[in-house]
Amino acid sequence: MSSNVLQSSHSGEERLSSKKRVAILGSTGSIGTQTLDVIAQHPDKLEAVALAVGRRTDEAIAQARAAGVCYVAIGIKDAPAPTVDTTGIEVSFGSDAVVALCRLPEVDVVVNALVGAAGLQASLETLAAGKVLALANKESLVVGGDLVMPQATHETLLPIDSEHGAIYQCLLGEDPREVRRLWVTASGGPFRGRTINELQHITPAEALAHPTWHMGPKISIDSSTLMNKGLEVIEAHHLFAMDYDRINVVVQPQSAIHSMVEFSDGSVKAHLGTTDMRIPIQFALSYPKRWDAPVAPLDFTQLGSLEFAPADTATFRCLDLARAAGRTGGTLPCAMNAANEVAVAAFLAGKLDYLGIPWVVETVMDVHEVSSVESFTQLQEIDAWARSHARSACNERTKR
């Protein structure tokens, strides 16, 4: 097994022994707001020093004022100008301004909770600057895992995704060579058990109604199509240097088991906990220590039964499409991810039917000429190419 984020010659105790200073990219989203809550619960250990958002200028400034933050970056250059008092807060605009936060000398840890492929550059810059990357942006590894992982170590990359955070914790102290299989759990989303015919007229409102997790619109749609699990399989491949045929997805509707690791002797470690993202967020910020729980712990006497089932990849095709992209590797995951982002946006805007999402993704994958990953600039070009083809595919689909 090749190197992965759990292999390191250092304990991590020496790094960041004092109060950790945190930059939050995507501070107004679900992960960002919960990160601010965790920081507020541990003011003696954590401090928010920089925030970045897409276009919610006033909301970000309000967050900054409440948390005592001095730096705010607005990723969209033409986002609305502030209408509230910005005294004492340095506000900058544009994607370069967001990346610049990762290099601030005042920052120790960057929580990358940006949505989409836009998060890749921030992840690369964070690691290049020698900061700790607490990663909630799936696309950083899905699109650019071949660029990110050579820069990452056990001390500098900590996954925030509940599934990867769970696997990370199950592997602590274990020999990676003795791992037989990773089990990535899925809730099954809001349409678990539905047939393809029953999915033909799904509305965005229905797809956004996730049964167990509170997430942003894009991730909620990905969860409903099982694309989210496909992206997580690719992430797990990169994070833990695991072959794809040793990464399984299992539906666990209660979302109490966040993922599992199976070892060569038949033993299985499972990570269980309350369905609340503040737990994996806090672990990424507290590592290598554990702090008091940020939410009420799981009450096993009230949990009831635990169910398991295979993922229905015949109905929810995005999982297999993502897995196929990962197995092929190279630039195909980049093209696949870009096509999915365009398709999801079109569905949310009422311009594409629900079953059109996997159709658009597969259409773009089929015409993409795969090459090896060489640079961030190359991936930017492929991302733009795939988005253009995906938009054309969306238009073709609607004409049918």
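Being a predicted model, the structure only gives us computed values, none of them experimental. Per chain, the residues get numbers from 1 upward, laid out in the order the sequence is written. Owing to the predicted nature of the model, reporting of local features is limited to residues with pLDDT of at least 70; listing and counting of side-chain atom pairs is limited to 80 or more, with chain, interface and lining totals taken over all residues. The basis for every side-chain value is the complete set of heavy atoms in the structure, and neither hydrogens nor water enter the calculation.

**Notes on the domain arrangement of the protein**
- Where each domain begins and ends is defined by an automated method or by a domain database. As assigned here, the protein comprises domain 1 (20–159) and domain 2 (180–274 + 311–399).
- Once two parts are brought into contact, the accessible area they lose, counted with a 1.4 Å probe and summed over both, makes up the buried area. Roughly 1,800 Å² is buried in total at the junction of domain 1 and domain 2, and carbon and sulfur atoms are behind 71% of that figure.
- Of all residues in domain 1, the largest losses of buried area upon contact with domain 2 belong to Lys138, Val142 and Val143, amounting jointly to 35% of the total for that side.
- Here, a salt bridge means any side-chain nitrogen of Lys or Arg that lies within 4 Å of a carboxyl oxygen of Asp or Glu. Linking domain 1 with domain 2 are three salt bridges.
- The salt bridge involving Glu232 is made with Lys138; its shortest N-O contact spans 2.9 Å.
- Contacts described as polar in this section are N or O atom pairs within 3.5 Å, which, within protein, must combine one atom able to donate a hydrogen with one able to accept it, while residues neighboring in sequence count only if both atoms come from side chains. Viewed at the interface, domain 2 and domain 1 are joined by two residue pairs in polar contact (both at pLDDT 80 or more).

**With respect to a nonpolar patch on the surface**
- A contiguous nonpolar surface patch, about 370 Å² in accessible area, is contributed by Leu272, Phe300, Leu306 and Phe308.
- In this text, helices come from DSSP runs of H or I with a minimum length of four residues, and strands from runs of E with a minimum of two, each type numbered from the N-terminal end. Tracing the sequence through the fold places Leu306 in the loop between helix H11 (300–303) and strand E12 (309–310).
- Each residue is assigned to one of three classes by its accessible area relative to the maximum for its type, calculated with a 1.4 Å probe on protein chains only: buried under 20%, partly exposed between the two thresholds, exposed over 50%. You can call Leu306 partly exposed: its relative accessible area is 33%. Patches here: salt-bridge-free residues with over 30% relative accessible area, like charges joined within 9 Å, nonpolar side chains (Val, Leu, Ile, Met, Phe, Trp, Tyr) joined within 5 Å. Here, Shrake-Rupley sampling with a 1.4 Å probe gives the accessible areas, and only protein chains in the shown set may cover a residue.

**Comments concerning the packing of aromatic side chains**
- Two aromatic rings, drawn from Phe, Tyr or Trp (for Trp, its six-membered ring), form a pair once their centres lie within 6.5 Å of each other, and the interplanar angle then sorts them: stacked below 30 degrees, edge-to-face above 60, tilted otherwise. Summed over all chains, the structure comprises five aromatic pairs.
- Judged by centre distance (5.9 Å) and plane angle (90 degrees), the ring pair of Tyr168 and Tyr287 falls under edge-to-face. Remark: Tyr287 occurs in the loop between helix H10 (278–286) and H11 and Tyr168 occurs in helix H6 (residues 162–171); sequence separation between them is 119 residues. Judged on exposure class, the residue Tyr168 and its partner Tyr287 are both buried.
- Judged by centre distance (5.5 Å) and plane angle (85 degrees), the ring pair of Phe191 and Tyr354 falls under edge-to-face. Placement of Phe191 in the loop between strand E8 (179–186) and helix H7 (204–208) and of Tyr354 in the loop between helix H13 (332–348) and helix H14 (356–367) is noted, with a sequence separation of 163 residues between them. Judged on exposure class, the residue Phe191 and its partner Tyr354 are both buried.
- The ring of Trp291 carries the charged tip of Lys45 above its face, separated from the ring centre by 5.4 Å. Geometrically, a charge over a ring is one whose NZ (Lys) or CZ (Arg) sits within 6 Å of the ring centre while staying within 35 degrees of the ring normal.

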